[in-house]
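# Close look at the chain arrangement
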Number of protein chains: 2
Amino acid sequence: MGIKEMDIKLKEFVTGKAMDARAGARDLLRAGTDKKNLLLIKMARALLSGTEELIKENARDLEAARGKGLSKAMTDRLTLNEKRIKEMACGLEEVAALPDPVGEVLHLRQRPNGMQVGRMRVPIGVIGIIYEARPNVTADATALCLKAGNAVVLRGGSEAINSNRAIVSILRQEAKKEGFHEGIINFIDIPEREAVIEMLKLEGLIDLIIPRGGEGLIRAVVENSRIPVLKHYKGVCHVFVDRDADPLMAREICLNAKVQRPGTCNAMETMLVDEEIAQGFLPVVLKAMEEKGVAVKGDKKTMDIYPGAQEASEEDYYKEYLDLILNVRVVAGMDEAMEHIAKYGSSHSDSIVTMNYEKAMRFLREVDSAAVFVNASTRLNDGGQFGLGAEIGISTDKIHARGPMGLEELTCTKFIVLGSGQIRQ
Amino acid sequence: MGIKEMDIKLKEFVTGKAMDARAGARDLLRAGTDKKNLLLIKMARALLSGTEELIKENARDLEAARGKGLSKAMTDRLTLNEKRIKEMACGLEEVAALPDPVGEVLHLRQRPNGMQVGRMRVPIGVIGIIYEARPNVTADATALCLKAGNAVVLRGGSEAINSNRAIVSILRQEAKKEGFHEGIINFIDIPEREAVIEMLKLEGLIDLIIPRGGEGLIRAVVENSRIPVLKHYKGVCHVFVDRDADPLMAREICLNAKVQRPGTCNAMETMLVDEEIAQGFLPVVLKAMEEKGVAVKGDKKTMDIYPGAQEASEEDYYKEYLDLILNVRVVAGMDEAMEHIAKYGSSHSDSIVTMNYEKAMRFLREVDSAAVFVNASTRLNDGGQFGLGAEIGISTDKIHARGPMGLEELTCTKFIVLGSGQIRQ
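The rules we used
Residues numbered from 1 in each chain as written. Chains lettered and ligands numbered in written order. Predicted model: local features only at pLDDT ≥ 70, side-chain atom pairs only at ≥ 80, totals over all residues. Least-squares fit on C-alpha atoms with pLDDT ≥ 70 in both. Contact = placed C-beta atoms within 7 Å. Domains from an automatic or database assignment. Helix = DSSP H or I, 4+ residues; strand = E, 2+ residues; numbered from the N terminus. Nonpolar A, V, L, I, M, F, W, Y, C, P; charged D, E, K, R; others polar. Pairing = 2+ DSSP bridges. Buried ≥ 20, exposed ≤ 12 C-beta atoms within 10 Å, placed from the backbone.

Below, the discussion takes up the relation of the copies chain B and chain A. For the match of chain B to chain A, the screw axis carries a shift of 0.0 Å, the RMSD comes to 0.0 Å, and the turn is 180 degrees. Taken together, the rotation angle and the small translation identify this as a two-fold axis. Taking C-alpha positions as reference, the residue of chain B nearest the rotation axis is H400 of chain B, located at 1.8 Å. Comparing interface residues between copies, 98% of those in chain B also lie at the interface in chain A; the contact surface is shared.

Given below as structure tokens:
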């Protein structure tokens, strides 16, 4: 088969999956909450019953991964075992227990001509999920999309192809048994990268793309997509300790933001400290940081106060370390702190520690980040902590969804009009 | 200057405008409602005072247009006269009078750990507007964006370049006088098409692109943009006359949807009629349509009942006529009507006429369009009619905004957290 012929086949294959998904989406539009919840619970049970099969298929992926020399971390994420399969099943049940966002009617109001106009929350339609070799995402993302009434086109990292195929096969069987169109779940089970490129061209068939993975994957998706993309680039998060902060609270918040789980996107990368209190505050908090294994980088003023700090370069302030490394900068006050955040930050999670009401309100209003905190750790930026239930990711976009994305963010609204014969004058 | 050198200059020029806009956006983040409203009112007055100058600059565009043989309709849209300048000024004043969406806090709720979590409505940042040679859009779109706290990068059709430059110059002067950063309004005043392509690559500097114009313009923007695009493709709108319709109401709604202003996106293109009532309903309504100058195309059943109808082809059902032409199709009932709408429609505005409660509710739920009507004309799909105030367009997208887009759709929300020392456990 020539290359061109292969391209056409590939295009047909991917388009076929997306068209199945559209048919599935129409079916889901008609499905009520009870029916969707029952399906999710049946799926959870089926995954548990399929444990043996899933582990067997996963072993094939792990075997192939060993041959390719995958890193330890990647191999770990690729691995399915009894515990992880139980977690997937629990995840499905938890999503079943969440309230259904679909059908809610917002702001139904009577217009002067007597018609009632409101917005009804409805599914988006078909959602494409592009992710790395993490089989659990296959079940987790599918559950959230289905609950919100959307069909999925899944494209997981090729290293997990056998595991994903097995999971999808189980989920689709349950869909069929429960009387759903099988097109509600689709999986692009060919390893070629070109399949993703074709998928990203299917504007009109796929309504939204959610990529989950590293910055490289996400940039490649944005570059090639004609379909709207909801994305998460990176988290360069800040805590600004104001001169009017409670120093004990500030220390607890900064330590938590840095060390509680440094590898996450909402961990603090740079601590900004008001010069008025730097002399008293820095030695105490930085000593505590170092005791927790944090390497401290700082500007000149920080180094003067705390000689243990290494010098931070201009580039360091842009970095998402995801590690026990902290930048520290002494600033003249709130304005300089906000300028620093606007310049070097990634608009993810930023916090001020202060007891000054006016500064707290100004920080909330003027810092342009997905989540802005007063007197709380940036680590709290999370769907569960915010009360959204399970989340499909954190958006650093401003369009459609910003911050943690729960079920509501997987829906849109349409206008509904209840009339009694109204016409346009 | 070589082509490559020109490309680099062009890129620098466009990037410079977008960077100015970012600085402008930061300034607008701090501007309160009163200050923004005063600016809009001052701008309105300045446009009126500049009438002579604007008409002079517009004359240069019109002169050039005559040379290029622009169509009469395009020349009309390009023309500025005293009346149109007054309308632009009024538009600015109307936007000043609308409520400011920025700063609203939604769903502020206490979490179990005592922190308050909510969402604050904030500006999107920098909005790029790409439009055809209609100088009034320059003022109208700018007003809506500024009121919602966003800076703009404007790119109007090159035929209007002198008019647009004059309008922007007046608006920027007022911005400066009122103490705003001039970067709140930017205009790409070079005619090269490549300037648009460069603009669409500026992800990170421009947050959102809103193209306004024909389908060709919009497709080209979507094809080339790395920035999210809010768009309006086309309106292939339907009215389904159910067997349980009030025939008089159905006739009024169908006539209004077709003839009140056939050139608009929310005018009906296809009327679907339940076979149970077709025999009685069609002759009356189609005669009335013909009296209004409507050419009727129909399926076989329609032609049997109403011999005046020409045969509609399969392709006709996909067409947005924007003219006094109507497709008519006799359907077996509601299911066939909804299938027709799903297949041929553009998910814009669709209406059912019925007195049957169950069918009305099902149509509302299952028809996947930006606006779904019961017993009302599709022509009512409009920001003003829906009570949103002025609109920047109608979105046929599902992401971020769907249907008429008012000020709220030009904002996003961020999460805000009011804490008292909370950390992640």
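The accessible area lost on association of the parts is a frequent measure of interface size. Examined at the domain level, chain A breaks down into domain 1 (3-231 + 405-411) and domain 2 (237-380). Centre-to-centre, using C-alpha coordinates, domain 1 of chain A lies 37 Å away from domain 2 of chain A.

Turning our attention to the interface of chain B and chain A. On the side of chain A, 58 residues touch chain B, which itself brings 59 residues to the contact. Sorting the residues of the side of chain B that touches chain A by element identifies α1 (3-30), β2 (116-123), α9 (215-224), α10 (247-259), α14 (357-366), β13 (371-376), α15 (383-386) and β16 (411-422) of chain B as the ones contributing at least two each. It is β16 of chain B that provides the largest number of residues to the side of chain B that touches chain A, a total of 11 residues. Along the lines of polarity and charge, the residues of the side of chain B that touches chain A split into 28 nonpolar, 15 polar and 16 charged. When strand β13 (residues 371-376) of chain A meets β16 of chain B, the two strands line up parallel, connected through five bridges. Looking across to β16 of chain B, one finds that F373 of chain A is bridged to V417 of chain B.

Take unusual backbone geometry next. All names here are of chain A. Backbone geometry places L322, a non-glycine residue, at a positive phi of 50 degrees. In this fold, L322 is placed in the loop between β10 (310-311) and β11 (325-331). Phi is positive for N375, close to 55 degrees, though the residue is something other than glycine. As for its position among the elements, N375 is in strand β13. Judged by the 22 C-beta atoms lying within 10 Å of it, N375 is buried.

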